[in-house]
Each structure stands twice: as structure tokens, then as C-alpha cells.
Amino acid sequence: MRIDILTLFPDMCDTVMSESIIGRARKNGKVEIHCTDIRDYTADKHRRVDDKPYGGGMGMVMAPQPIYDCFQSLCDEIGSRPHLIYLTPQGKTLTQERVKALAKLDNIALLCGHYEGVDERVIEALEPEEISVGDYVLTGGELPALIVADAVSRMLPGVLSDDECFEEESHFNSLLEYPQYTHPSVWQGRQVPEILLSGNHAKVDKWRREQSLKRTFERRPDLLREAELSDEDRIFLSELKKV
């Protein structure tokens, strides 16, 4: 898979995407990530990519021409039109289900806005999918783009050591993950649950499933509407509701 990040701060994005699991995946050819400077496509001799908003108001707005030309150059380079995503607080909130769907695509391009956003005309011209990473505002689209790139990349084959690394994580199956423990078995008087030391894998799996259901019920009950629940799960949840 190829991911392109269109940004005013390519070095920032490239640095983050060169570290840890994603960095190793890039080196090993599991995912291709390119960070492109939108300023390289401005017609302004001073490399300006923004201007004051029509109608007045605070801040600056990114001009349409550099963004449009940057994306068209990418299309020419690839030989096709990648799925374009504009990171904006006005977009639909990112979910794990959407991440799983994006991970099945061959190419995605992530457009990072900045300042007060981008000229609406380039949004109308390019018709990107608009995604938000939460109900808050950041100084630019770079951090949201990195979140999307990270979330999608780790779903790709070979990026993580095993599919189970993400299949039991929070949100993957509309449930929150069970609590995790490591050595030592006792820390500051707090002991690891005995079931995890038993060596009985069937009992461990049952405990983890119940803990996942319990956490979801207590913290995010809305997720249970989309979760695939067995009859045993439903009985366990009905007992929780009685407490």
C-alpha cells in the first residue's frame, strides 16, 4: 500500500513515520509512505501558500492552486487517482471500521490543512473524503494525518507480527480490550489475577472475554450495539446489568 501525506511540514511527518513499528515496516517494504511539501507547487515566488480570507476574519486560508497542483502531480506520478482524505474537524469521526476499510485500498492521500483551513473551492474540485479524529481543534492536519497513516499501516499484512496483535485490541470488534499484565507477578502489593498464572488457556480466554465485555459495558456501552455477541456473552452482560 502507498500512503501520501500532502503537507506544509513534510519533515515533521516523515520523522514520525520513520520511527518504531511503522518505520520498520517502511524499511521492510510493507508500506510505502511519502511526505510531499505543498509549497513546492505554489506559483508565488515567495513560496506563499496562504492569504487573508475574503469577508474578513482572523487567520489565513490555504490557497486552492498549490493544493490542486500538488494532488494532480501525485495522480500523474502514480498513474491513477488515490483515495483523497482531507483531515478536518468538520469531517466524519474516524472509527476502527473505517480504518479497516481504508487498509484494503491500494493508495490513499492525506491532505493536511493549516491556519484557518483551505479554500472551499479546492474541496469542491477534488471532492475528498473528510475525516475528523475527534471533537477538538488542532493547529493543523499533520497530527490527524499521522494518526490515520499509523492506524491504517498497522492493519497491513506483515506490519505487526501476527493478526492477533490487533484483532483483540480495543474497537477492532466493537469491544474494549481486556486488562494486560506483565512481570513481576506482584508489584506494590498488587497481584496479577490468579487465572493468568494458571496455565489453563481456555479459562484465560474466557476471563479475557468477560473482562472485555465488562469494560465495554462500563465505559462504552454504545459499542455493544455493533459487537458480535454469543449467547454466553449476552447472559454475562445480563448478569452485569443486575449488579
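This one's a predicted model, so the numbers in the text were calculated from it and none came from an experiment. (Residues numbered from 1 in each chain as written. Predicted model: local features only at pLDDT ≥ 70, side-chain atom pairs only at ≥ 80, totals over all residues. Heavy atoms only, no water.)

Visitor: For this particular structure, what's the right way to read the pattern of salt bridges?
Guide: Opposite charge on two side chains permits them to pair, given that their charged atoms come into close proximity. Using the criterion set out here, one finds 15 salt bridges in the structure. Where aspartate 37 meets arginine 47, a salt bridge forms, and the shortest distance between an N and an O atom there is 3.5 Å. Highlighted residues: aspartate 37 in strand 2 (residues 32-37) and arginine 47 in the loop between strand 2 and strand 3 (50-51), separated in sequence by 10 residues. Here aspartate 37 falls in the buried class, since its relative accessible area comes to 14%. Residue classification places arginine 47 among the partly exposed positions, given a relative accessible area of 37%. (Salt bridge = Lys/Arg side-chain N within 4 Å of Asp/Glu carboxyl O. Helix = DSSP H or I, 4+ residues; strand = E, 2+ residues; numbered from the N terminus. Buried < 20%, exposed > 50% of the residue type's maximum accessible area, 1.4 Å probe, protein only.)

Visitor: What should I look at first to understand the layout of surface pockets in this one?
Guide: If a probe as big as a water molecule is rolled over the atoms, it shows which places are left empty. Quantified by volume, the second largest pocket comes out at close to 450 Å³. Taken together, 25 residues form the lining of the second largest pocket, with Tyr86, Leu87, Thr88, Pro89 and Gly117 sitting closest to its centre. Every element with two or more residues in the lining of the second largest pocket is listed here: strand 5 (83-93), helix 5 (120-126) and strand 7 (129-132). Ranked by residue count, the leading element in the lining of the second largest pocket is strand 5, at five residues. Here the residues of the lining of the second largest pocket sort into 12 nonpolar, 10 polar and three charged. (1 Å grid on protein atoms, 1.4 Å probe; cavity = no way out; pocket = protein on both sides within 12 Å on 5 of 7 lines; lining within 4 Å. Points joined across faces, edges and corners; volume = space filled by probe spheres on them. Nonpolar A, V, L, I, M, F, W, Y, C, P; charged D, E, K, R; others polar.)

Visitor: Help me understand the state of the cysteines in this model?
Guide: By definition, a disulfide links two cysteine residues through a covalent bond between their sulfur atoms. Tallied over the entire structure, the rule returns zero disulfides. The thiol sulfur of cysteine 13 is not disulfide-bonded, and the nearest other cysteine sulfur, from cysteine 112, lies at 5.1 Å. Accessibility expressed as a relative area gives 0% for cysteine 13, which makes it buried. The cysteine cysteine 70 is free of any disulfide, with cysteine 75 supplying the nearest cysteine sulfur at 9.8 Å. The class of cysteine 70 is buried, set by a relative accessible area of 3%. (Disulfide = S-S within 2.5 Å.)

The values are spatial; any link to function lies outside them.
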